[in-house]
Amino acid sequence: MSPDPTASVVSLVDRTPSITGAEIVTALVPPRQFVDASLENYRPDDAFPSQHEAVEAVRSFDAAPAGGARRGLFRRRAEAPAVLPGLYLDGGFGVGKTHLLAALFNRSGGRRYFGTFIEYTALVGAVGYAGAAAQLKGASLVCIDEFELDDPGDTMMMTRLLGDLADDGTRIAATSNTPPNALGEGRFAAADFLREIQGLADRFRTLRIDGDDYRRREVEASASVTDDVDAALATVTGPVSVDDFGAVVAHLSTVHPSRYVKLVAGLEAVGLRDVSPLTSQTDALRFVAFVDRLYDGQVRVVASGTPLDSVFGEEMLAGGYRKKYLRAVSRLVALTSL
């Protein structure tokens, strides 16, 4: 059985998207599943008081007087403000950090931006540092989801950008994952963040959010697999793509990660045939970035072969990019269960 004949079937490997700086800026809003995110519809787990604390922290951050923010993160004052102009939410996978960050964005006024770390670095790549700084200058709030420290150059560039924006009065809110039960493990944790942002460090409130991965609370902790990708896509009425897994992995190497968002644009589902374990860390990291864009778009994934949550080998999961791989596993479990 083939996908619904009324659905458009395409191949990802035939797509060679391009993206401009203007398009990147326009896309600096919360993913569609968080368009209506609010503090009121965030569901804290009573077993983890830090989730309730996080709600109040976001509420207080949003309510802070704008005048306090305009004095800048770097500028010395006789008295520290009651609410710092920077907020960093640290925690495991699926505890609602992105929801809270989007809720902050949605309840804030003025010109504001919401994007992942890679989207901001892509903006700099597209229009240069000066162009990116000019575009973001004057924003009341910049939200950075999944702040990363994998590349020293990117980290230093983002540190400089945040400093320039903060000196102009922009408030900064950021999140990043920490592997469950392993605070401080891998390439990112609160202490690393504060060390890397140097001069900004004393102006950020850092808050650890504990909890279970909500994406696994009501589904099996394994990615779904099918024997027949075409048959599984037969009920999908919107546009879908169908490709061999190996071909997609190879194609990702020819497309800059900043363009992955357009690679999957307009698709209701992505079909991947004959999934197999990844052997190259470079390929694995590109696949993680691809999964992030699928998750942002809530694009269903249908796959055959190796379960997608098993494509990262033990050696990869034991290495410095463990956090990234575990985030991708969590999201793949959710996307194959849509």
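Since the structure is predicted, the reported quantities are computational estimates derived from the model, not experimental observations.

### Some remarks on the overall build of the protein chain
In step 1: Counting its regular elements, the protein chain contains 13 helices and nine strands.
In step 2: Counting every position in the protein chain, which comprises 338 residues, the buried fraction comes to 53%.
In step 3: When contacts within the protein chain are restricted to residue pairs at least 6 apart in sequence, long-range pairs at least 24 apart make up 86% of them.
In step 4: Within the structure as shown, the protein chain displays about 14400 Å² of accessible surface, and the carbon and sulfur contribution to it stands at 50%.

### Structural notes on helix α11 (residues 281-296)
In step 1: Here α11 contains 16 residues, and its C-alpha end-to-end distance of 23 Å stays within 8% of the 22 Å for a straight helix at 1.5 Å per residue.
In step 2: Among the residues making up α11, those that are buried are Ala284, Phe287, Val288, Ala289, Phe290, Val291, Asp292, Arg293, Leu294, Tyr295 and Asp296.
In step 3: The N-cap residue of α11 is Ser280: its side-chain oxygen and the backbone nitrogen of Thr282 are 3.3 Å apart.
In step 4: Two residues or fewer past α11, Gln298 is found with a positive phi of approximately 50°.

### Considerations on the confidence of the model for the protein chain
In step 1: In the predicted model, the protein chain carries a mean pLDDT of 85, and 81% of its residues have values of at least 70.
In step 2: Scored below 50 in pLDDT, residues 67-72 shows eleven contacts in the model against residues more than four places distant or in partner chains.
In step 3: This model gives residues 179-188 a pLDDT under 50, and the stretch forms 29 contacts once residues within four places in sequence are excluded.

### Some details on the nonpolar core
In step 1: Of all hydrophobic cores here, the largest spans 37 residues; its most connected members are Leu272, Leu278, Phe287, Phe290, Leu308 and Phe312.
In step 2: With eight residues, the single largest contributor to this core is α11.
In step 3: Counting 27 residues, the second largest nonpolar core, distinct from the first, contains Tyr88, Tyr129, Ala132 and Ala139.

### As for the packing of helix α9 (residues 245-252) against α11
In step 1: Where α9 contacts α11, the two axes come as close as 9 Å, and the packing angle between them is 95°. For the element pair α9 / α11, the angle class is roughly perpendicular. Between α9, through Phe245, Val248, Val249 and Leu252, and α11, the contact on the second element is made entirely by Asp283, Arg286, Phe287 and Phe290.
In step 2: The residue makeup of the contact of α9 with α11, split by class, is six nonpolar, no polar and two charged.

### Here we look at the packing of aromatic side chains
In step 1: Per the stated rule, a full pass over the model turns up seven aromatic pairs.
In step 2: Summarising the aromatic geometry, the rings of Phe105 and Phe114 are spaced 6.1 Å apart at their centres and angled 85° between planes, so their arrangement reads as edge-to-face. Like Phe105, the residue Phe114 is buried in the burial classification.
In step 3: Seen in terms of ring centroids, Phe245 and Phe287 are 5.4 Å apart; in terms of plane orientation they differ by 85°. Their pairing is edge-to-face. You can see Phe245 sitting in helix α9 and its partner Phe287 sitting in helix α11, a full 42 residues away along the chain.
In step 4: Residue classification places Phe245 among the buried positions, given a relative accessible area of 2%.
In step 5: A network of ring pairs unites the aromatic residues Phe245, Tyr260, Phe287, Phe290, Phe312 and Tyr325 as a single cluster.
In step 6: Across from the ring centre of Phe105, 4.3 Å away, lies the NZ or CZ of Arg112, which sits over that ring.

### Describing the packing of α11 against helix α13 (residues 322-335)
Axes are the key here: two packed helices are described by the angle between their axes and the distance separating the axes.
In step 1: Interhelical geometry of α11 versus α13 gives an angle of 45° and a closest axis separation of 9 Å. Relative to α13, the element α11 is oriented oblique. The crossing of α11 and α13 is left-handed. The residues of α13 that touch α11, namely those facing Gln281, Ala284, Leu285, Phe287, Val288, Val291, Asp292, Leu294 and Tyr295, are Lys324, Tyr325, Arg327, Ala328, Arg331, Leu332, Ala334 and Leu335.
In step 2: The residue inventory of the contact of α11 with α13, partitioned by class, reads twelve nonpolar, one polar and four charged.

Parameters at a glance
Residues numbered from 1 in each chain as written. Predicted model: local features only at pLDDT ≥ 70, side-chain atom pairs only at ≥ 80, totals over all residues. Heavy atoms only, no water. Helix = DSSP H or I, 4+ residues; strand = E, 2+ residues; numbered from the N terminus. Buried < 20%, exposed > 50% of the residue type's maximum accessible area, 1.4 Å probe, protein only. Contact = heavy atoms within 4.5 Å. Areas by Shrake-Rupley, 256 points an atom, 1.4 Å probe, with all protein chains shown as cover. Expected span 1.5 Å × (residues − 1). Polar contact = N/O pair within 3.5 Å; in protein donor to acceptor, adjacent residues only side chain to side chain. pLDDT = per-residue confidence, 0-100. Core = buried A, V, L, I, M, F, W, Y, C linked by side-chain atoms within 4.5 Å. Axes fitted to C-alpha atoms, helices over the stretch in contact; angles between N-to-C directions. Parallel < 35°, antiparallel > 145°, perpendicular 65-115°, else oblique. Nonpolar A, V, L, I, M, F, W, Y, C, P; charged D, E, K, R; others polar. Phe/Tyr/Trp six-rings, centres within 6.5 Å; stacked < 30°, edge-to-face > 60°. Lys NZ or Arg CZ within 6 Å of the ring centre and 35° of its normal. Left-handed = near helix turned anticlockwise from the far one by under 90°.

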